[in-house]
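Take a look at the letters that make up each chain.
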Amino acid sequence: MTYPTRRSLLAGLGALAAMPLPKAFAQNDARIVIVGAGFGGSTAAKALKRLLPNASITLIDPSEQYVSCPFSNLILSGERTVADQTFSISGWGSEGINQITARADTVDPASRNVILEDGAAVPYDKLILAPGVSFRWDGLEGYTPEASERMPHAWKAGPQTVLLRRQLEEMENGGVVYMSVPAAPYRCPPGPYERASLIAHYLKTRKPRSKLIVLDSKTTFSKMPLFQYAWAELYPDHLEWISAADDGRVSRVDSRTMTLETDFDTHATSVANVIPAQKAATIAERSGVADQTGWCPIDAVSFESTLQPDIHVIGDAAIAAPMPKSAFSANLQGKICAIQIARIVAGLAPQPTRLLNTCYSYTAPGQAISIVGAYTNDGGIFQSIEGAGGISPLDAPSSLRAAEANQATDWFDAIISETFG
Amino acid sequence: MTPRPVKPLLTSAGLLVLAACGQEQSENANTNLVSTTEIATIAASCSGCHAPSGTAIPSLSGRSAEELETLMLDYRHGDGTTVMHLLARAYSDDQIASLSAYLAEAPAP
């Protein structure tokens, strides 16, 4: 698969291509800093450069590459490689975006500076934080960064995903794979269940005496009827889901003995995929934009923090429910936040709108299901639009699942191209 | 460009599309921007899935406002269960008309 080489900033931002540029935008020389070059931050930086050509747009990220979590579960079933998931997030300097390859440590809201790991200060008039998630390493007894080298989380795509794939490949036929799913909210609500499907597919086709057991801290989950329908049909002997109501919540892990403990049981594992509970990335807490939940409350129209002025938060770190923590949401929030910031710095009030989320999940290679959400943000609060949205039909021929898998591929190409192209 | 006949409900969006095509901004640019911002932010969802290279998710490039509006209204009022049926129900007929006019004016990438 090839992706377009970097083109003009206009290209790929179809939504903004017909947006008129009032003089107040064109002449504005605000300093806008974006922290995090993922689906939200990269999209916001490019959109802002298009909307405010004379503004100073600075994008800060510690890496020069981004490894996409969407589609990374296909690495586990052997359909994709980590190279297929890796995209350049450097080289936008020629497009007029200042790029700083460094970790942003914290923000000083009083002086309006982002402080980098080396102590350097980057001043801003408006700041967008799109930092993603951190793991709650204090949230599950025994699960430490060291433990994750034996019991991978694979919830940030990259070496952890490769490690989990290698463990699955090296496991004997007959071994038992476990997955521990945390309480919500976490990045990508249906992600664990797509992963369960694809691991079960791998076991069914390559290790037929093996089985996957999913221990869940929840009693319901995204696209639940569709996943359970697919599991009953495709993986009756290779996948078992245990609800929190049936002692599914893991309360302690021991990476030395490779065991997972629930309230009443101890499970010996051959491979253990432990997805930890999550919160907004550390910089959010340090900057005073995260609340006691660990996530960042925002005004739903402008995405501005309700705790710190002039800091906008988009993507997984933000509290945007019922919008999910998905790549589609982050990418869309990047575009909309850019438009609202352009309005604000030009002296205009931000405007409410309607937002979507679309998400495809694989139930097997070449078979996918989907969910659609639609939202208003009037009054600064996200609300689902009654009568819109929903999930794929439950009882559908495999041709429909195949058609949705083709759509998933086109979706991935489109969002990657718009975000990183 | 030659302006097409525009339905009354499209007026404000239509004016802004003209502005986007290089015409002088009117004194009412900020007033017009209200509606354009709404449509631009609604349209921001489309490019999250639709790219020029798409096949299973078709490209929106080069389609007329009339074609886009007809398709969207069919999704909006049809009883199907595709992603497009489920999402089209989020919008009013007026929003669909303005959105279609807006997308039809987007320059090819």
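Reading the values: the criteria
Residues numbered from 1 in each chain as written. Chains lettered and ligands numbered in written order. Predicted model: local features only at pLDDT ≥ 70, side-chain atom pairs only at ≥ 80, totals over all residues. Heavy atoms only, no water. Phe/Tyr/Trp six-rings, centres within 6.5 Å; stacked < 30°, edge-to-face > 60°. Helix = DSSP H or I, 4+ residues; strand = E, 2+ residues; numbered from the N terminus. Buried < 20%, exposed > 50% of the residue type's maximum accessible area, 1.4 Å probe, protein only. Lys NZ or Arg CZ within 6 Å of the ring centre and 35° of its normal. Disulfide = S-S within 2.5 Å. Contact = heavy atoms within 4.5 Å. Buried area = accessible area lost by both parts, 1.4 Å probe. Salt bridge = Lys/Arg side-chain N within 4 Å of Asp/Glu carboxyl O. Polar contact = N/O pair within 3.5 Å; in protein donor to acceptor, adjacent residues only side chain to side chain. Nonpolar A, V, L, I, M, F, W, Y, C, P; charged D, E, K, R; others polar. pLDDT = per-residue confidence, 0-100. Pairing = 2+ DSSP bridges. Axes fitted to C-alpha atoms, helices over the stretch in contact; angles between N-to-C directions. Core = buried A, V, L, I, M, F, W, Y, C linked by side-chain atoms within 4.5 Å.

Moving on, we come to the packing of aromatic side chains. All names here are of chain A. Following the criterion strictly, the structure yields 19 aromatic pairs over all chains and no others. Centroid distance Y193 to F227: 6.2 Å. Interplanar angle 50°. Geometry classified as tilted. Linking Y193 in helix α5 (residues 191–206) with F227 in helix α6 (residues 224–234), this pair joins segments that are 34 residues apart in sequence. Under the relative-accessibility criterion, Y193 is labelled buried at 0%. Classification of F227 by relative accessible area gives buried; the value is 0%. Linked through ring pairs, F39, Y66, F71, F87, Y362, W411, F412 and F420 together constitute an aromatic cluster. A cation over a ring is seen here: K156 above F135, with NZ or CZ 5.1 Å from the ring centre. Its guanidinium or amino end placed over the ring of W295, K325 lies 4.0 Å from that ring's centre, counting from NZ or CZ.

The final tally for this structure, using the stated rule, is 0 disulfides over all chains. With no disulfide of its own, C69(A) lies 7.9 Å from the sulfur of C188(A), the closest cysteine sulfur.

In this complex, chain A contributes 48 residues to the contact, which on the side of chain B involves 39 residues. Between chain A and chain B the total buried area reaches about 3,400 Å² when both faces are included, carbon and sulfur atoms providing 66% of it. Joining chain A to chain B, the criterion identifies 0 salt bridges. For the pair chain A and chain B, the interface holds 11 residue pairs in polar contact (both at pLDDT 80 or more). Elements represented by at least two residues in the side of chain A that touches chain B include exactly α1 (23–26), α8 (327–345), β22 (354–364), β23 (367–376), β25 (390–391) and α9 (398–420) of chain A. In terms of residue class, the side of chain A that touches chain B is built from 28 nonpolar, 13 polar and 7 charged.

All names here are of chain B. On average, residues of chain B score 75 in pLDDT, and 66% of them reach the 70 mark or higher. Confidence, expressed as mean pLDDT per element, reaches its minimum in chain B at helix α1 (residues 11–20) with 32 and its maximum at helix α4 (residues 83–88) with 98. Overall, residues 1–34 carries pLDDT values under 50, and its contacts beyond four positions in sequence, including any with other chains, amount to 46 contacts. Model confidence for the complex: the whole-complex pTM is 0.92, and ipTM, which rates the interface, is 0.93.

Residue and element names in this part refer to chain A. Under the criterion given, the structure shown has 17 salt bridges over all chains. Measuring nitrogen to oxygen at the nearest pair gives 3.2 Å for the salt bridge that ties E141 to R252. Of this pair, E141 sits in the loop between β10 (133–135) and α4 (159–170) while R252 is found in strand β14 (residues 252–254), placing the two residues 111 residues apart along the sequence.

Moving on, we get to the environment of D378(A). All names here are of chain A. Here D378 is to be found in the loop between β23 and β24 (383–384). Judged by relative accessible area, D378 falls into the partly exposed class, the value being 49%. For the pair D378 and A102, spaced 276 residues apart in the sequence, the C-alpha separation amounts to 37 Å.

Let us look at the sheet that holds strand β11 (residues 176–181) of chain A. All names here are of chain A. Strand order in the open sheet formed by 4 strands is β13-β12-β11-β17, and the pairing between neighbours is parallel. Each edge of the open sheet is held by one strand with a lone partner, namely β13 (239–242) and β17 (271–274). Along the sheet, successive strands turn relative to each other by an average axial angle of 15°, direction set aside. Where β11 meets β17, 4 bridges bridge the pair, whose relative direction is parallel. By the bridge assignment for β17, V177 is matched with V271.

What follows concerns the nonpolar core. Residue and element names in this part refer to chain A. Counting 108 residues, the largest nonpolar core has L48, L51, V114, L127, L129, V313 and W411 as the members making the most contacts within it. Element by element, the count of residues in this core is highest for α8, at 10 residues. Excluding residues that lie within four positions of it along the chain, L51 makes contacts with L16, M19, L21, F25, A338, I339 and A342. Counting 31 residues, the second largest nonpolar core, distinct from the first, contains L76, M179, I199 and F227.

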